[in-house]
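# A closer look at the structure
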Amino acid sequence: MPQLQASPDIDFSTATYRDAYSRINGIVIEGEQEAHANYIRLTEMLPEHKDELLRLSKMEARHKKGFEACGRNLEVTPDLDFAQQFFADLHRNFQVAAEAGQVVPCLVIQSLIIECFAIAAYNIYIPVADPFARKITEGVVKDEYTHLNFGEEWLKENFNRVKDEIEAANRQNLPLVWRMLNEVEQDAKVLGMEKEALVEDFMIQYGEALSNIGFSTKDIMRMSALGLAAA
Ligand code: PL3
Ligand code: FE2
Ligand code: FE2
């Protein structure tokens, strides 16, 4: 069970490790930056939750700073151009929904899909991270569960009214996650993270979230299988 070992045998100073880290580090910095912006944008659609959403957005800004420090610690420059491309499709779908005032796809994209993706990635990364990054990531992942919970709670309260919209947002955006996983597979492997473990953890987090919101097991199977064949 290499993923569970406390001190994996990884040399964090090799050119290969640092090259892969420049893209992964770029991805998490860009992801945290977009999450920060997305929670601020959500205040326009959910003014009654403004204070809570601003609190979440500030946490995302802190996460970004933490991961910037992880890159600096390894003397790596994050590849932010690559990272913007990596998130471009999800980013566009969020913007289009926000402009149309559609809160449901925005919550599905940010609070369900992106947060579950982050939780899976951070959980798998922690046991293979360098000691500095491990400490930072352990703090970050705790926060991400509260962000996921925000989306779950709102979607659960409005479940009957928004069920179809959640399914539509899932159909549009979940296949993008599998594409993103494929794009990051090689670099993640260099960092000691297996794609299978990422997929498995993501499926568990996402399935649990859908279940908490009110979907049946049958719905969850149907929804989370979408596009998975491509992974
Ligand atoms: C929202 O709070 C955070 C959004 C960040 C999304 C990150 C996705 C990461 C996928 C890349 C897998 C490698 C992770 C390595 C961890 C440092
Ligand atoms: Fe975050
Ligand atoms: Fe988050």
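Quick notes on the rules
- Residues numbered from 1 in each chain as written.
- Chains lettered and ligands numbered in written order.
- Predicted model: local features only at pLDDT ≥ 70, side-chain atom pairs only at ≥ 80, totals over all residues.
- Heavy atoms only, no water.
- UniProt positions renumbered as here; feature names shortened; annotations may be inferred.
- Donors = N, O, S within 2.8 Å, 3.2 Å for Na, K, Ca; no water.
- Tetrahedral: all angles 85-135°; square planar, octahedral: opposite > 155°, others 65-115°.
- Helix = DSSP H or I, 4+ residues; strand = E, 2+ residues; numbered from the N terminus.
- Buried < 20%, exposed > 50% of the residue type's maximum accessible area, 1.4 Å probe, protein only.
- Contact = heavy atoms within 4.5 Å.
- Near = heavy atom within 4 Å.
- Polar contact = N/O pair within 3.5 Å; in protein donor to acceptor, adjacent residues only side chain to side chain.
- Areas by Shrake-Rupley, 256 points an atom, 1.4 Å probe, with all protein chains shown as cover.
- Nonpolar A, V, L, I, M, F, W, Y, C, P; charged D, E, K, R; others polar.

The chain goes by Aldehyde decarbonylase in an unreviewed UniProt entry, where it is assigned to Petrachloros mirabilis ULC683. What UniProt records for the chain under Catalytic activity (unreviewed entry) is the sentence "a long-chain fatty aldehyde + 2 NADPH + O2 + H(+) = a long-chain alkane + formate + 2 NADP(+) + H2O". Recorded in UniProt for the chain, the comment headed Function (unreviewed entry) runs: "Catalyzes the decarbonylation of fatty aldehydes to alkanes."

## Focus: the coordination of the iron ion (ligand 2)
Looking at the metal site, the iron ion (ligand 2) is ligated by Glu32 (OE), Glu32 (OE), Glu60 (OE), His63 (ND1) and Glu144 (OE), spaced 2.0 to 2.8 Å from it. For the iron ion (ligand 2), the six donor atoms are set out with angles of 51 to 164 degrees between them, so the coordination reads as irregular. If you look at the iron ion (ligand 2) and the iron ion (ligand 3), they sit 3.2 Å from each other and are both ligated by Glu60. Here Glu32 is found in helix H1 (residues 15–45), whereas its partner Glu144 is found in helix H5 (residues 131–157), with 112 residues between them in sequence. Across the pair, Glu144 and Glu32 agree in class, each one buried.

## Digging into the UniProt feature "binding site: Fe cation 1" (unreviewed entry) in the chain
Here the UniProt-annotated "binding site: Fe cation 1" (unreviewed entry) positions come out as Glu32, Glu60 and His63. The greatest C-alpha distance among the residues just named is 6.3 Å, despite their covering 32 residues of sequence, which places them together in space. Residue placement: Glu60 occurs in helix H2 (residues 50–73). A relative accessible area of 3% means that His63 is categorised as buried. Residue contacts for His63: discarding those within four places in its chain leaves Glu32, Val140, Asp143, Glu144 and His147.

## Some words on the site of ligand 1
Close contacts around ligand 1 come from 16 residues, with Ile24, Glu32, Glu60, Glu115 and Glu144 the closest. Here Glu32 contributes a side-chain N or O atom positioned 3.2 Å from an oxygen atom of ligand 1. In this structure, an oxygen atom belonging to ligand 1 sits 2.8 Å away from a side-chain N or O atom of Glu144. Calculation on ligand 1 without its partners gives an accessible area of 520 Å², and the protein chains cover 99% of this total. When contributions to the shell around ligand 1 are tallied by element, the ones reaching two or more residues are H1 and helix H4 (103–125). Per-element tally for the shell around ligand 1: the top contributor is H4, with seven residues. Its residues assigned to classes, the shell around ligand 1 comprises eleven nonpolar, one polar and four charged.

## Brief notes about the coordination of the iron ion (ligand 3)
Coordination of the iron ion (ligand 3) by the protein comes from Glu60 (OE), Glu115 (OE), Glu115 (OE), Glu144 (OE) and His147 (ND1), over a distance range of 2.0 to 2.3 Å. Note that the iron ion (ligand 3) binds six donor atoms; their angles at the metal cover 57 to 154 degrees, and the shape is irregular. One chain supplies every donor for the iron ion (ligand 3), spaced along it as E-x54-E-x28-E-x2-H.

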